[in-house]
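The residues making up each chain are set out below.
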Amino acid sequence: MTAAPGREAEDPFDHPALHYSGDREYLDGTLPFIEQALAAEGPVAVAVPGPNLKLLRDALGERAGRVLMLDMTEAGANPGRIIPGVLRAFADAHPDRRVRIVGEPVWPARTEDEYPACAQHEALINHAFAGRDVAILCPYDLDGLDARAIDDSLATHPVLIDRAGRRASDGYDPDRIVAEYNRPLEAPPRTAIEREFDRFTIDNARWFATSYGRKTGLTATQLVDLEIAVTELLTNSVCHGGGAGTLRIWAEEDRLLCDVSDAGRIADPLAGRRPADPDRIDGRGLLLVNHVVDLLRTHTGARGTTMRIHMRLPRRRPPAGE
Amino acid sequence: MAAIEDDGARETDAPSEPLEPGPPEGPLRATETTGPLPVLHVSGSVDLNSHDDWGRVLRQATVRHGELHVDLAGLAFIDMRGVSVLVDVARGLPEGARVVVHRAPPCMRRMMEVLWPAGLDAITIKGDAR
């Protein structure tokens, strides 16, 4: 079938940014979107930070029971987890219906380390859902977010909604954002411990990383997650990144960081963001990493790839007797 | 098949010596106990150096009354592909048959929970390893 002359075939995928100021505008922008889904008895989910989740829950009243309500600061703490773990998890569960999701992945308390991954995530949503019968509405807090986040939202969303109404975003250019935030990561401190690894020393590198994590004070559950994440990154380097690489691990006041670097280049920006294909045995490594770490940052290019995982350290208890 | 030993356990194919001194868990080892309920006991670790052996050991294990029992109490670590190999073997069993995993290591439980949150008909996991 061809599109009518002079008119592009309509993509059912809708991905507007909602620029809001205050609770009133938040509700005015999001409630009708949710109510449209409820009226059509269609699937609808809300994944937003806690305070906005409460705002919507209160406004929806009993109807909230028909909406999947998620706290994005938990479900989407690591931006790389949002597409597979939140958005596609919900959309893929309703393949025959138009799916509506309010997704708010950028909030004022996002850190400098998290933000680039957030912006890339917003840009990649467009590729992940192209052609799908899905609408994802992304609220942006005009009062709390800096100018950079607001500007970037115009590049990552083809449509903008604000108090003036709905219109196409002139600055729409998601691939620019993906490229722009593919930046060299800040160099590890000199205290970072470094280990070369290859196929024959991968078990030593894994063991070394988990020993370091144990000494640093990760919980038992976090140690399992660290071991899983480091192993998958090491395995990727050996299998796809030139057969060898370098592991660097260090701790800061409130987190453990671990870099895995190799000579490969990641060509697919959606790597690790697609749900697992049940018919394929490989291709789940990065997806798994995204699920178990607090943040995954990537820098990839002609000179190689570095993936950095962040694990939040448990708060230290004050010593007894003080 | 490998020789039957006096204690009723028989060695199945396992990799040779590790190529470099490794962490304490060492290479993949597997023995199957015989008797009314054959159980494949696996120890060491499953990673990119032992995926092929792991798959072979599982495919050669005895399926009795529609169940393949694997005891992973001695398994220090298994990676994502290792878990996928197990899932693949389980799904390849005859209709209605399943793999019963005893004492799965925490990393395997975690990976199953993340990648197959709804569970799998072909795999049942019983008991904690530690």
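Residues numbered from 1 in each chain as written. Chains lettered and ligands numbered in written order. Predicted model: local features only at pLDDT ≥ 70, side-chain atom pairs only at ≥ 80, totals over all residues. Heavy atoms only, no water.

Caption draft 1: Here's a closer look at the overall build of chain B. Scanning chain B from terminus to terminus reveals 3 helices and 6 strands. Along its sequence from the N terminus, chain B presents helices and strands in the succession β-β-β-α-β-α-β-α-β. Taken over 130 residues, chain B has a buried fraction of 49%. When contacts within chain B are restricted to residue pairs at least 6 apart in sequence, those whose partners lie at least 24 apart make up 62%. For chain B, the exposed surface amounts to about 6200 Å²; the carbon and sulfur share of it is 49%. (Helix = DSSP H or I, 4+ residues; strand = E, 2+ residues; numbered from the N terminus. Buried < 20%, exposed > 50% of the residue type's maximum accessible area, 1.4 Å probe, protein only. Contact = heavy atoms within 4.5 Å. Areas by Shrake-Rupley, 256 points an atom, 1.4 Å probe, with all protein chains shown as cover.)

Caption draft 2: Structural context of the domain arrangement of chain A. Residues and elements named next belong to chain A. Taken domain by domain, chain A consists of domain 1 (16–180) and domain 2 (193–312). On a C-alpha basis, the centroid separation for the pair domain 1 and domain 2 is 28 Å. Facing 20 residues of domain 1, the contacting portion of domain 2 comprises 16 residues. In total, domain 1 and domain 2 occlude about 1500 Å² of area from one another, counting both sides; carbon and sulfur atoms represent 56% of this. Inspection of the domain 1/domain 2 interface yields 7 residue pairs in polar contact (both at pLDDT 80 or more). Going through the elements one at a time, α4 (82–92) and α5 (115–129) are the ones with two or more residues in the side of domain 1 that touches domain 2. By residue class, the composition of the side of domain 1 that touches domain 2 is 9 nonpolar, 5 polar and 6 charged. (Domains from an automatic or database assignment. Buried area = accessible area lost by both parts, 1.4 Å probe. Polar contact = N/O pair within 3.5 Å; in protein donor to acceptor, adjacent residues only side chain to side chain. Nonpolar A, V, L, I, M, F, W, Y, C, P; charged D, E, K, R; others polar.)

Caption draft 3: Structural view of the sheet that holds strand β2 (residues 44–48) of chain A. Residue and element names in this part refer to chain A. Taken in spatial order, the 7 strands of this open sheet run β3-β2-β4-β5-β1-β6-β7, and their pairing is mixed. Each end of this open sheet is capped by a strand with a single partner; those strands are β3 (68–71) and β7 (165–168). Recorded for the sheet is a direction-independent mean angle of 20° between the axes of neighbouring strands. Direction of pairing for β2 relative to β3: parallel, over a ladder of 4 bridges. Looking at the pairing, V46 lines up with M69 of β3. Each of β2, β3, β4 (99–103) and β5 (134–141) touches α4; the most contacted strand, β4, lies at about 165° to it. (Pairing = 2+ DSSP bridges. Axes fitted to C-alpha atoms, helices over the stretch in contact; angles between N-to-C directions.)

Caption draft 4: Focus on unusual backbone geometry. For E41(A), which is not a glycine, the phi torsion comes out positive at approximately 55°. Looking at E41(A), the relative accessible area reads 62%, which means it is exposed. A positive phi angle is found at R103(B), which is not glycine, with a value near 50°.

Caption draft 5: How the structure looks around the interface of chain B and chain A. The interface is formed by 26 residues belonging to chain B together with 27 residues belonging to chain A. Summed over both partners, the interface of chain B with chain A comes to about 2300 Å²; 65% of that surface belongs to carbon and sulfur atoms. Across the contact surface, chain B and chain A share 2 salt bridges. For D225(A), the salt bridge goes to R110(B), with nearest N and O atoms at 2.6 Å. Inspection of the chain B/chain A interface yields 5 residue pairs in polar contact (both at pLDDT 80 or more). Of all the elements in the fold, those that place two or more residues in the side of chain B that touches chain A are α2 (80–91) and α3 (106–115) of chain B. (Salt bridge = Lys/Arg side-chain N within 4 Å of Asp/Glu carboxyl O.)

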